[in-house]
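Remarks on the overall topology
Listed below, chain by chain, are the residues.
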Amino acid sequence: MSGVRIKIQTTGIKDKIKNAGKIATEAVSVQVAVDSNKYVAKDTGFLEASVFSDSNFAKGQIIWGASYAVYAYYIMRNQLRTDKNPNASHLWFEVAKTQHLSDWIHLANNVYKKEL
């Protein structure tokens, strides 16, 4: 009786998947920050810049670390200045997610395809 034998080489697959996950996490985190910053209230640019100094993109941590970031994110909706950023909104991540979630998923998928 003849049959078909299939041998799958699994050495290194776990490491490749783990590495692809790290690359995807960082790439998507940076893109989330960039896209979300399109909706951050802007005066001096400090709040907008703080995401790049205070985040740990490699770990998927996106942080706007300006001392007033929480106030601007949750409370400031009736006091937003839109003269320097007409797209400014409170809850800027939620606005960005509504607009860009499919792009972020596409980016993650592309990283996995490339790395695996």
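Shown above is the structure to which this text applies.
Summary of the structure given here.

Calculation criteria
- Every chain is numbered independently, its residues counted from 1 as its sequence is written.
- With pLDDT at 70 or above as the cut-off, local features in this predicted model cover only qualifying residues; side-chain atom pairs require 80 or more to be listed or tallied, and sums for whole chains, interfaces and linings still use all residues.
- Side-chain numbers come from the whole structure's heavy atoms, not from hydrogens or water.
- Think of it this way: any DSSP run of H or I at least four residues long counts as a helix, any run of E at least two long counts as a strand, and we number them from the N terminus.
- The cut-offs for exposure are 20% and 50% of the maximum accessible area for each residue type, with area from a 1.4 Å probe on protein chains only; residues under the lower value are buried, those over the upper are exposed, and the others partly exposed.
- Only heavy atoms matter for contacts: two residues are in contact if any of them lie within 4.5 Å across the pair.
- Between Lys or Arg on one side and Asp or Glu on the other, a salt bridge is scored when a side-chain nitrogen of the former is within 4 Å of a carboxyl oxygen of the latter.
- Angles shown run from 0 to 180 degrees and are taken between the N-to-C directions of axes, each axis being a line fitted to C-alpha atoms and, for helices, limited to the stretch in contact.
- The scheme is simple: roughly parallel for angles under 35 degrees, roughly antiparallel for over 145, roughly perpendicular for 65 to 115, oblique for anything else.
- Lys, Arg, Asp and Glu make up the charged group, whereas Ala, Val, Leu, Ile, Met, Phe, Trp, Tyr, Cys and Pro make up the nonpolar group; the residues left over, Gly among them, are polar.
- Note: the arc covers the axis-to-C-beta directions of the helix.

**Overview of the overall build of the chain**
Tallying secondary structure elements over the chain gives four helices and zero strands in all. Along the chain direction, N to C, the helices and strands of the chain fall in the order α-α-α-α. In terms of its C-alpha atoms, the chain occupies a principal-axis envelope of roughly 80 × 25 × 20 Å. The 116 residues of the chain split such that 30% are buried. In the chain, once contacts between residues fewer than 6 apart in sequence are set aside, the share between residues at least 24 apart is 58%.

**Things to note about the pattern of salt bridges**
Taken as a whole and judged by the stated rule, the model has four salt bridges. Asp-35 is paired through a salt bridge with Lys-38; the nearest N and O atoms lie 3.3 Å apart. Take Asp-35: its relative accessible area is 4%, and that puts it in the buried class. Its salt-bridge partner being Glu-48, residue Lys-42 comes within 3.3 Å of it at the nearest N-O pair.

**Re the packing of helix 1 (residues 13–37) against helix 2 (residues 46–54)**
For the pair helix 1 and helix 2, interaxial distance at closest approach is 10 Å and the crossing angle is 175 degrees. Taken together, helix 1 and helix 2 sit at an angle that is classed as roughly antiparallel. Where helix 1 abuts helix 2, its residues Ala-33, Val-34 and Asn-37 lie against Glu-48, Val-51 and Phe-52. For the contact of helix 1 with helix 2, a count of residues per class yields four nonpolar, one polar and one charged.

**Here's the deal with unusual backbone geometry**
At Leu-91, a position not held by glycine, the phi torsion is positive, near 50 degrees. Note that Leu-91 resides in the loop between helix 3 (69–75) and helix 4 (92–115).

**Some points on helix 2**
The set of residues buried in helix 2 consists of Leu-47, Ser-50 and Val-51. Within helix 2, the buried residues cover an arc of 105 degrees as seen down the axis, which keeps them to one side.

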